[in-house]
Every structure is written in structure tokens, then in C-alpha cells.
Amino acid sequence: MPDTTGTTQHAPHPATAATAGRWTLDPASSSVDFRCGSFWGMETVKGTFKEISGDGEVLSGGGAQGTLTIQAASLDSAHAKRDAHLRTDDFFDVDNHPQVVFTARSVSPAGSDSVEVAGDLTVRGITHPLTFTARISDATPEAATLTAEVPISRSTYAMTWNKWGMVKDRATIAVTARFVHQG
């Protein structure tokens, strides 16, 4: 039956429907990928981090906070020699900094199916604030998936190796994070 009252009913924001409490990342349904232009812009290096974990807390009212942890040595660009170089101190320096960590200080509803995420990204022991918009999908009171593409500057995190200008400074991190309620 059509609404004849003249009022518009809006569905609740997916973030406000989430059950308050502890949430955990489902690594089997999540991914963290990267891409960076190289070889003077003629090729894009792509890869994925195979080992990720995370947890957080959804607050009553839909806000949230949490942590996403990436094992830096788990990166895979489908080229063993390149992966070995990416693990050295020219890039991720995994011997001294085995984890890349994003700590979300706040996750707040923004738009009809998005959240604004504000936090800190730590790479190679260097921490800088990072804010981005993530889209929410497959949201229920017990689970939700966040997706985002986040541009970063490699040099911000002391990844300045660039023999003959082969590697662009700008990289993109693509995140799909499926969280499930733990109670």
C-alpha cells in the first residue's frame, strides 16, 4: 500500500544495525591487495597480503573502532624475486617491522551505505593518520563487509627506493574486510 502521509521512510544505516560488542575479522572472506605503477608507468605491480587479522568493537549507535593487522612477509606479487626485494629494507623491511597495522580510532556512518574511517596506519614503524570512506555491504546485525580503495604515498613510510625512477610514489591499497560479531 502506498504511503499517503507525505513522509518518506528511510531504511536504517547499515552501521547502526550492527550488534554492539566485539567483532572479529573473517580472514577467509577478507583481502588486502596493493597496486603501484612501475617501469615508468608501463606496468602496474599488483599483489596481495596472504595473512591478515583484525578485531574491533561496535558501539551502541553504530560507531566502531578496531585494528587490522597485516603480516608484511605474507605479500605475494606472483614474482618470487620481486617479493624477496619488497621484503627488504628498501620497502617493507619485514625483519625489523613484521606487521603493517591500521588502527581505526573511529568508524562513523556517512552516506546511505558508507562509513567514514579515521585512524592511524603504521608501516615500517612509522605512523601517520589516515582517513577514508568505506562502503558497507552484506550487512546484518551479526556480520558486515567493508570495502575501500585507499591511496597512500610510499615515501610517507620511508619506502623511497626508486632505481632509475622505475617506481611511482603513489600506491593503492584495496581492502575487503568481513567482520563477524563475537558477542
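In short, a report on the structure. Residue numbering note: each chain is counted from 1, following its sequence as written. Side-chain atom pairs in this predicted model are given and counted only at pLDDT of 80 or more, local residue features only at pLDDT of at least 70, and totals for whole chains, interfaces and linings cover all residues. Each side-chain value is worked out from all heavy atoms of the structure, with water and hydrogens disregarded.

In this section: the overall build of the chain. Strands here are runs of E lasting at least two residues and helices are runs of H or I lasting at least four, both read from the DSSP assignment and numbered beginning at the N terminus. Secondary structure summary: the chain contains 2 helices and 11 strands in total. In the chain, the succession of α and β elements from N to C terminus is α-β-β-β-β-β-β-α-β-β-β-β-β. A separation of at least 24 residues holds for 57% of the contacts in the chain among residues at least 6 apart in sequence. For every accessible area listed, the method is Shrake-Rupley and the probe measures 1.4 Å; residues are considered covered only by the protein chains on display. Counting only carbon and sulfur atoms, one obtains 54% of the accessible surface of the chain, whose full area is about 9,900 Å². By the convention used here, residues are in contact when the closest approach between their heavy atoms is within 4.5 Å.

Core analysis: the biggest nonpolar cluster contains 42 residues, and Val32, Phe49, Phe92, Val117, Leu121 and Phe132 have the highest contact counts within it. Per element, the largest residue contribution to this core is 5 residues, and it comes from strand S11 (residues 167-181). In this structure, valine 117 is in contact with Phe102, Ala104, Ser106, Val107, Leu130, Thr131, Phe132 and Ala134, ignoring residues within four places of it in sequence. Joining through side-chain atoms within 4.5 Å is the link that ties buried Ala, Val, Leu, Ile, Met, Phe, Trp, Tyr and Cys residues into a set, and such a set is a nonpolar core. Burial classes: relative accessible area under 20% of the type maximum marks a residue as buried, over 50% as exposed, and values in between as partly exposed (1.4 Å probe, protein chains only).

Okay, the pairing of strand S9 (residues 126-140) next. Bridge analysis of strand S8 (residues 114-123) against S9 gives 10 bridges, and the strand direction is antiparallel. Bridge assignment links glycine 119 to a residue of S9, and that residue is leucine 130. Any two strands are treated as partners once DSSP identifies two or more bridges connecting them. Counting the residues that bridge the hairpin from S8 to S9 gives 2 residues, and of these arginine 124 lies at a positive phi of roughly 60 degrees. Of the pairings in the sheet, the one linking S9 to strand S10 (residues 143-153) comprises 4 bridges and is antiparallel in character. Directly across from isoleucine 136, in S10, lies its bridge partner leucine 146. Once S9 ends, the chain turns through 2 residues before running back antiparallel as S10.

Let us now look at the packing of aromatic side chains. Whether two aromatic rings pair depends on their centres lying within 6.5 Å, for rings of Phe, Tyr and Trp, where Trp uses its six-membered ring; planes under 30 degrees apart make the pair stacked, over 60 edge-to-face, and the rest tilted. One pass over the full model with this rule turns up 3 aromatic pairs. Arranged with centres 5.6 Å apart and planes meeting at 85 degrees, the rings of phenylalanine 49 and phenylalanine 92 form a pair that is edge-to-face. Residue phenylalanine 49 is located in strand S3 (residues 43-49), and its partner phenylalanine 92 is located in the loop between helix H2 (80-86) and strand S7 (99-109); the two are separated by 43 residues in the primary sequence. Aromatic side chains phenylalanine 102 and phenylalanine 132 sit 5.6 Å apart centroid to centroid with 50 degrees between the ring planes, which places their arrangement in the tilted category. Note that phenylalanine 102 is positioned in strand S7 and phenylalanine 132 in strand S9, a separation of 30 residues in sequence. Accessibility assignment for this pair places phenylalanine 102 and phenylalanine 132 in one class, buried. Taken together, the ring pairs in this structure connect Phe34, Phe49 and Phe92 into an aromatic cluster.

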